[in-house]
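Chain by chain, the residues:
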Number of protein chains: 2
Amino acid sequence: MARPTPLSGFPELLPQARLVEQHVLDVLREVFELHGFSSIETRAVEPLSVLLRKGEIDKEVYGVRRLADTAADAGGAGERGDDLALHFDLTVPFARYVTENAGHLQFPFRRYQVQKVWRGERPQEGRYREFTQADIDVVDRGTLAVHHDADMARVMGEALARLPLPGVTLQVNNRRLVEGFYRGLGLEGDVLTGSIGATMRAVDKLDKVGARGVADLLAQAGLTQAQADGALGLAQVRAGAGDLVQAVRALGVTHELLDQGVEELLAVLTAVDDLPADRVAVVADLSVARGLDYYTGTVYETRMRGWESLGSICSGGRYDALADDGRDVYPGVGISLGVTRAITPLLQRGEVRASRPTPTAVVVAVADEARRREADRVAQQLRARGVPTEVSPTAAKFGRQIRFADRRGVPFVWFPQDDGSHEVKDIRSGEQVAADPASWLPPEADLRPSVVVGA
Amino acid sequence: MARPTPLSGFPELLPQARLVEQHVLDVLREVFELHGFSSIETRAVEPLSVLLRKGEIDKEVYGVRRLADTAADAGGAGERGDDLALHFDLTVPFARYVTENAGHLQFPFRRYQVQKVWRGERPQEGRYREFTQADIDVVDRGTLAVHHDADMARVMGEALARLPLPGVTLQVNNRRLVEGFYRGLGLEGDVLTGSIGATMRAVDKLDKVGARGVADLLAQAGLTQAQADGALGLAQVRAGAGDLVQAVRALGVTHELLDQGVEELLAVLTAVDDLPADRVAVVADLSVARGLDYYTGTVYETRMRGWESLGSICSGGRYDALADDGRDVYPGVGISLGVTRAITPLLQRGEVRASRPTPTAVVVAVADEARRREADRVAQQLRARGVPTEVSPTAAKFGRQIRFADRRGVPFVWFPQDDGSHEVKDIRSGEQVAADPASWLPPEADLRPSVVVGA
């Protein structure tokens, strides 16, 4: 068999990099569970009809079909008439899970979900075809209090602060604020239609086409100079809890919906003022739009300092109708961390790594194959106290067994002695001392691989 | 939107059942890492050409294709000419990973891999279309010492002993032993061809067609009565380390390959004699064949006591050529636990469950919305000491807030008092006591949900 080549957009990690990913996932789980989020997983596939309801990114969806069905029934429907496809996010499957299991869930329902998703995008740094997302959402039946919007920012902020990532800026906006502002300018329609929709679409391109490009688009949409200036002025507001109200008022626009949006946004900013700002700075960024429909209130984006070209690594918002089963409406608010997007570039550039590529802390040497059982018993004693231990795969010369450990970054080699005593060598210092397999422990720092930030 | 219906064969767990699955995965990871296995994950898709090399179960494979490609290019190849499909096990992807990354791995390489796999089988109890497997394998370049075969049984046996499952029987056989015995009987060919292949295929049907049915098949394959009796006699041997040699010798067949196989099998049985037999009984079962090719030495199957109808929940074996990159051959030995197969039926029948459906141990009550910040601060103090804590979503009457906790099985509700002091109520006993948010801890048993075995 020829050596296979990697598939572009489907990153796979070597064991040492995978240890970093595991650490990230452990921290996320720890923080999410401390805040009372329940873990769920949904199946990888959804009926195409569920996935494509929004009709937006169908060209990126991967369809899934049993080869047997394809062969027997080429071009036709699947065996049950419902074509399947891989999910492209965790929100649509979660909404489906909620309506399917509403009778068994307690509302408001807080869940976290860490799974792979698939999108047939053109691969580039930070963009993959298979990648892991970590989502938190809270969903209620009927109505969902606005304090949950602050809660999502606090929980994900706390997680981001503890992850081995560069500091981040969590940018928060509010769709009601923006829509209210536009109404105050005299624009009409809604987020999808009329001059409000056109303005949202134009401002959403600010990053790509710049202020002048947006101004041209707004003129084409029929906005007056004053309206265009107002919309652009709003998109340029960056503020904290202390100066948000003033910054918006200075633009001279008033509307009831604008006031409501400002109040909601202020509540989010105020509630998270205890996050460590050097790790997670939370700011109101009134240019953040998060696409053109779907979200109805708070929206979040997150950029890593020094890695802004990756785009937002952690995004979300409020949806007044996350799900709707025909009887009840389920509003929700949530935020999703692109785990693969955030850490893969850091791993590739060596900005973060594990201290060794294996969990093993000790290799027990084997003097000859007849004494392998003895080495096995020493290893079992060490493992019983939580020390990851391997027995040397060969009874080669001790020099080779030490090199076996050294190549893996394993710090200790254990030598059962002929007289029944034991010695352990720290192969970094060369120091070898007597040790008792029933009580010896390595230093805490050597017990498990650690995650090291910086080159 | 109409309420969606579950997809048959794609099980999804409610949060309380998911906690059991997480516990199982945690135990597996803990045991695997204690034995020095590195975690890897491979992408969900492989080129179809890689998956179908063995040509055995192609009708169960799920093909994957971007909808855009399907539309633009119906019936043709994918964008890069290589059709993709979802992996149906973790062994084929691991073999591909090893050849792709051989230059970056240290051999012998011990890895564990816990991921979902997909097979388009007809769903039934213990058979799913999407399910989680947990694999351990060790692979070397060139040759792989036989003591690793015992190691796999020991590691998985240790994990099985610690899982919340009924006791299991780990059945071990050796393909060399069987082939050697058949040669000793005068049969010819190999595992795939001639009278040896025909006999293996017939004996593999013992469970389904019984001894008489196998005897008929052997007669059709041209075996003499004595040869058929011998083959059936071997398949009926169940032995431990103490009586294996005698049980095989009693059949009166000799062959050099038989001796080698007996020796290898005995080494496995002897090495694991310290497993707790009530949890994991290890026996030589000379009927175990594990399909018809692929494995070349040791083979393993595992049955849960009282759940034999599920078939083997944990299987594997040795492959002298797990992978081959044209320059080197990579022998391996491994064993794979069907996590979903083992635990889903237990969950469905209530044989195992989590003590509560949420990680939350404490709900902090909110007297009125103006005091939510105060409740948030109490919650943060508790979380800082590792206590999963939620703040009540509403400032409803305390009776409703207590019911909110009770419906989730949360044991404690915390009440900030008007005078700045605090009280905490155990809502099971009703006892309410003064408590300090800076030091209070729940009893260890209440801190996290636990896993309960038995109805």
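All values reported here derive from a predicted model rather than from experimental measurement.

To continue, consider the overall build of chain A. A count of helices and strands for chain A gives 15 helices and 19 strands. Taken over the C-alpha atoms alone, chain A extends approximately 90 × 65 × 45 Å along its principal axes. Here chain A holds 455 residues, and the buried ones make up 47% of them. Intrachain contacts of chain A at a sequence separation of at least 6 include 68% that bridge at least 24 residues.

Here we come to the relation of the copies chain B and chain A. Of the transformation superimposing chain B on chain A, the axial component is 0.0 Å and the angular component is 180 degrees, with the fit at an RMSD of 0.0 Å. Taken together, the turn and the small shift mark the pair as related by a two-fold rotation axis. Within chain B, the C-alpha atom positioned nearest to the axis of rotation is that of V64 of chain B, 2.3 Å from it. Of the residues that chain B buries at the interface, 100% are likewise interface residues in chain A, meaning the two copies contact each other through the same surface.

Before going further, it helps to spend a moment on the interface of chain B and chain A. Listed per partner, the contact involves 65 residues of chain B and 65 residues of chain A. Taken together, the elements giving at least two residues each to the side of chain B that touches chain A come down to α1 (15-34), β1 (38-39), β3 (62-66), α3 (67-72), α4 (91-101), α13 (372-384) and β15 (389-391) of chain B. In this sheet, β3 of chain B lies alongside strand β3 (residues 62-66) of chain A in antiparallel orientation, the contact comprising five bridges. Within the sheet, the bridge partner assigned to Y62 of chain A lies in β3 of chain B and is R66 of chain B.

Attention now goes to the environment of D278 of chain A. Inspection of the secondary structure assignment puts D278 of chain A in the loop between α11 (256-271) and β9 (280-285). Along the sequence, D278 of chain A and V168 of chain A sit 110 residues apart, while their C-alpha atoms lie 8.2 Å from each other.

Time to look at the packing of helix α6 (residues 175-184) of chain B against helix α11 (residues 256-271) of chain B. All names here are of chain B. At a closest axis distance of 7 Å, the pairing of α6 and α11 adopts a crossing angle of 155 degrees. By the angle between their directions, the pair α6 and α11 is classed as roughly antiparallel. Crossing angle aside, the handedness with which α6 passes α11 is left-handed. Of α11, the residues touching α6 (which contributes R176, L177, E179, G180, F181, R183 and G184) are E256, L257, L258, Q260, G261, V262, E264 and L265.

It is worth spelling out helix α14 (residues 398-407) of chain B at this point. Residue and element names in this part refer to chain B. Within the sequence span of α14, burial applies to Q401, F404 and A405. Down the axis, α14 shows its buried residues gathered within 95 degrees of arc, on one side only. For α14, the exposed residues lying more than 90 degrees away from the buried face are G399, R400 and R407. Of the surrounding secondary structure, the elements contacted by the buried residues of α14 are β14 (362-364) and β16 (412-416).

Before going further, it helps to spend a moment on the nonpolar core. In terms of nonpolar packing, the biggest core is built from 221 residues, with A153 and M156 of chain A together with A153, M156 and A231 of chain B touching the most fellow members. The contacts of A153 of chain A, once residues within four sequence positions are left out, are L170, V172, V268, V272, V282 and Y300 of chain A.

Moving on, we get to the domain arrangement of chain A. Where the parts come together, the accessible area they lose is often given as the size of the interface. Parsing chain A into structural domains produces domain 1 (15-44 + 87-352) and domain 2 (362-453). When each unit is reduced to the centre of its C-alpha atoms, the spacing between domain 1 of chain A and domain 2 of chain A is 49 Å.

With that settled, the discussion passes to the packing of α1 of chain B against helix α5 (residues 147-162) of chain B. Residue and element names in this part refer to chain B. The interhelical angle for the contact between α1 and α5, taken along N-to-C directions, is 145 degrees, at an axis separation of 9 Å. For the element pair α1 and α5, the recorded crossing hand is right-handed. Only V155, E158, A159 and R162 of α5 make contact with α1, whose side of the interface consists of V27, L28, V31 and F32.

Turning our eyes to something else, we now look at the sheet that holds β14 of chain B. All names here are of chain B. With mixed pairing, five strands are arranged side by side in an open sheet as β15-β14-β16-β17-β18. Of all the strands in the sheet, just β15 and β18 (432-434) have a single pairing partner and so form its edges. Along the sheet, successive strands turn relative to each other by an average axial angle of 25 degrees, direction set aside. Where β14 and β15 come together, three bridges link them in parallel fashion. Opposite V363, over in β15, you have E390 as the bridge partner. Against the sheet, α13 touches β14, β15, β16 and β17 (422-426), its axis set at about 175 degrees to β15.

This paragraph deals with the sheet that holds β9 of chain A. Residues and elements named next belong to chain A. Here nine strands make up an open sheet; going across it, the order is β1-β5-β6-β12-β11-β10-β7-β9-β8 and the pairing mixed. Only two strands of the sheet have a single partner each, and these edge strands are β1 (38-39) and β8 (238-239). When strand β6 (residues 130-139) meets strand β12 (residues 329-338), the two strands line up antiparallel, connected through seven bridges. Bridge assignment links I136 to a residue of β12, and that residue is I335. Seen against the sheet, helix α4 (residues 91-101) touches β5 (109-118), β6, β11 (314-324) and β12 and runs at an angle of roughly 30 degrees to β11. Helix-sheet contacts for helix α6 (residues 175-184) involve β7 (168-174) and β10 (298-304), and the interaxial angle to β7 is about 50 degrees.

Okay, the environment of R65 of chain A next. Residue and element names in this part refer to chain A. Structurally, R65 can be placed in strand β3. Classification of R65 as buried rests on a count of 22 C-beta atoms within 10 Å. Here the alpha-carbon distance between R65 and L84, two residues 19 residues apart in the chain, equals 6.7 Å.

Residues and elements named next belong to chain A. Burial analysis of β3 places five of its five residues in the buried class, which makes it a mostly covered element. Taking every second residue as pointing to the same face, both faces of β3 are buried, with Y62, V64 and R66 on one and G63 and R65 on the other. In terms of strand pairing, β3 meets strand β4 (residues 84-86) through two bridges, oriented antiparallel. Along β4, the bridge assignment pairs V64 with L84.

Let us look at the pairing of β11 of chain A. All names here are of chain A. Within β11, eight of the 11 residues are buried, which leaves the element mostly enclosed by the surrounding structure. One ladder, built from two bridges, connects β10 with β11; its direction is antiparallel. If you follow Y300 over to β11, its bridge partner there is G316. Across eight bridges, the pairing between β11 and β12 is antiparallel.

Moving on to unusual backbone geometry. With an omega of -5 degrees, the peptide bond running from F107 of chain A to P108 of chain A counts as cis. By the element assignment, P108 of chain A lies in the loop between α4 and β5.

With that settled, consider the environment of E308 of chain B. Among the structural elements, E308 of chain B can be located in the loop between β10 (298-304) and β11 (314-324). Residues E308 of chain B and T169 of chain B, 139 residues apart in the sequence, show an inter-C-alpha distance of 9.9 Å.

So, about helix α9 (residues 225-235) of chain B. Buried within α9 of chain B we find Q227, A228, G230, A231, L232, L234 and A235 of chain B. In the core, the buried residues of α9 of chain B are packed alongside α6, α7 (194-203) and α8 (206-220) of chain B.

Conventions adopted
- Residues numbered from 1 in each chain as written.
- Chains lettered and ligands numbered in written order.
- Predicted model: local features only at pLDDT ≥ 70, side-chain atom pairs only at ≥ 80, totals over all residues.
- Helix = DSSP H or I, 4+ residues; strand = E, 2+ residues; numbered from the N terminus.
- Buried ≥ 20, exposed ≤ 12 C-beta atoms within 10 Å, placed from the backbone.
- Contact = placed C-beta atoms within 7 Å.
- Least-squares fit on C-alpha atoms with pLDDT ≥ 70 in both.
- Pairing = 2+ DSSP bridges.
- Axes fitted to C-alpha atoms, helices over the stretch in contact; angles between N-to-C directions.
- Parallel < 35°, antiparallel > 145°, perpendicular 65-115°, else oblique.
- Left-handed = near helix turned anticlockwise from the far one by under 90°.
- Arc of directions from axis to C-beta.
- Core = buried A, V, L, I, M, F, W, Y, C linked by C-beta atoms within 7 Å.
- Domains from an automatic or database assignment.

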